[in-house]
Amino acid sequence: MMILVTGGAGYIGSHVCLELLNAGNEVVVLDNFCTSSKLSILRVQEISGKPVLVEEGDIRDRAMLERLFQLHNVTAVIHLAGLKSIKESHANPLSYYDCNVNGTMQLLIAMGNAGVKKIVFSSSATVYGSPRSLPLSETHALAPINPYGRTKLFVEQILADLSLANPDWRVGILRYFNPVGAHESGLIGEDPIGSPNNLMPYVAQVAVGRRDHLNIWGNNHPTSDGTGVRDYVHVVDIAAGHVSAINYLDHGQSFEVNLGTGNGFSVLDVVRAFESASGKKIPYIFGPRREGDVSSCYADASAAKKLLGWKAHRDLSAMCLDHWRWQKANPDGYSGRAISE
Ligand code: NAD
Ligand code: UDP
């Protein structure tokens, strides 16, 4: 199969491309590189020994999309392109609705015109908002509490309407919990722009000496040690979930599932696990809770297992070891080496 991966140069996208290639698919990436590096694609080619076709462009550019579908014999789309910072989405909601919702609309219209009606969409646990019960199952109310989460929910609803109107459309919605880690080669990984908002990349940058200490947002949460609890899931497991989803849509109906491990770990659990993976001390100080943060969030991961036969295999120690291997080899991310490598 020829799979179009939008956002394929990004953190999750690069790992998805690799898993798709390893499973024998051909891959074309559409990316405008607004938050990523072209180097990630070169590294994916290096690891897999297989070519990746690249189209540089914006998902909001319908004419370009129409040309892309004429040029390549795409059988399905994995749609990861989008903006993902909660903080930025509060400051600049229109750019989030434009990129994430309008961009998806342009993609879906171009897909329909080209007769490509199979899509896997990157959604997020953020669509659930503040958990009313844990673990979070797919039947939990959908009530996002920030503009980013609402863009994900709106796209989920657009996709649901589409597959309801025309069963030829097969839609797989993957709600990721907290993707972390990196491919075991240490060649591809997470490379956030500026100061990382998320925990694991921040901890990794402290370990590698780019930052002095970690600020832990709150030590008075109603959790075992007072720090926030999340469901961290290895990015290679997440990537494998996309291959399962695409394969399932060959014969199955539209679906939405969580991609998580079902286990919650606190910030201090992550700090300790990263210290033992890296052999580095992670100094930290406690600060106030972060606005909008939920205390605990973890998945009921049973639906993905039942429907797709997918489950996460890698534990927190593997997540930290792999994240550290990438960070140690690439202290400054992709910008550390020349683009012409
Ligand atoms: P990322 O920023 O590394 O990757 C996003 C990619 O999309 C980048 O390569 C970027 O250049 C590209 N892109 C953005 N806007 C584009 C546009 N208009 N046209 C073309 N390309 C564009 O982020 P990621 O962590 O790999 O996330 C991928 C997807 O997964 C996103 O949709 C994100 O919302 C979703 N997601 C991520 C997480 C997470 O914690 N990383 C959690 C849940 C959901
Ligand atoms: N966190 C923290 N310091 C940081 C970044 C995150 O203490 O610099 C905490 C955060 O409050 C939450 C957990 O780590 O309890 C995971 O945060 P992240 O932003 O990675 O994921 P999200 O909250 O979006 O699920």
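Located above this text is the structure these notes cover.
What counts, and at which threshold
- Every residue gets a number counted from 1 within its own chain, in the order that chain's sequence is written.
- Think of it this way: whatever chain is written first is A, whatever ligand is written first is 1, and the rest follow in order.
- With the structure being a predicted model, the display of local features is reserved for residues of pLDDT at least 70 and the display and counting of side-chain atom pairs for 80 or more, all residues being used for whole-chain, interface and lining totals.
- In computing side-chain properties, one takes all heavy atoms of the structure into account and sets aside hydrogens as well as water.
- Between Lys or Arg on one side and Asp or Glu on the other, a salt bridge is scored when a side-chain nitrogen of the former is within 4 Å of a carboxyl oxygen of the latter.
- Strands here are runs of E lasting at least two residues and helices are runs of H or I lasting at least four, both read from the DSSP assignment and numbered beginning at the N terminus.
- Distances are taken per atom, and a residue is near a molecule or strand as soon as one of its heavy atoms is within 4 Å of it.
- We define a polar contact as two N or O atoms separated by no more than 3.5 Å, with the added condition that, inside protein, one atom must be a possible hydrogen donor and the other a possible acceptor, whereas residues neighbouring each other in sequence contribute only through side-chain atom pairs.
- Areas reported here follow the Shrake-Rupley algorithm with a probe of radius 1.4 Å; residue values treat only the protein chains shown as occluding.
- Side-chain classes are defined by residue name, with Ala, Val, Leu, Ile, Met, Phe, Trp, Tyr, Cys and Pro counting as nonpolar, Asp, Glu, Lys and Arg as charged, and the others, Gly among them, as polar.

## Focus: the pattern of salt bridges
Going through the model one piece at a time under the given rule, you end up with 13 salt bridges. Here Asp98 and Arg60 are joined by a salt bridge, their closest N and O atoms 3.0 Å apart. You can see Asp98 sitting in helix α5 (residues 93-114) and its partner Arg60 sitting in the loop between β3 (53-56) and α3 (62-71), a full 38 residues away along the chain.

## Brief notes about the site of ligand 2
Around ligand 2, a shell composed of 14 residues is seen, among which Leu199, Asn215, Arg230, Arg290 and Asp293 lie nearest. Asn198 is positioned such that a nitrogen or oxygen atom in its side chain is 3.1 Å from an oxygen atom of ligand 2. The contact in question runs from an oxygen atom of ligand 2 to an N or O atom on the side chain of Arg290, over 2.9 Å. When ligand 2 sits alone it has 520 Å² of accessible area, and the protein chains cover 89% of it. Residue contributions to the shell around ligand 2 peak at four residues, all from strand β8 (residues 214-217). A breakdown of the residues in the shell around ligand 2 according to their chemical character gives six nonpolar, five polar and three charged.

## Here's the deal with the site of ligand 1
The environment of ligand 1 is formed by 27 residues, the closest being Asp31, Thr35, Ser36, Lys84 and Tyr148. At 2.8 Å, a backbone N or O of Ile12 approaches an oxygen atom of ligand 1. Within the backbone of Phe33, an N or O atom sits 3.4 Å from an oxygen atom of ligand 1. Isolated, ligand 1 exposes 820 Å² of accessible area, and the fraction of that covered by the protein chains is 94%. Here the shell around ligand 1 gets three residues from one element, more than from any other, and that element is strand β5 (residues 118-124). Tallied by class, the residues present in the shell around ligand 1 amount to twelve nonpolar, ten polar and five charged.

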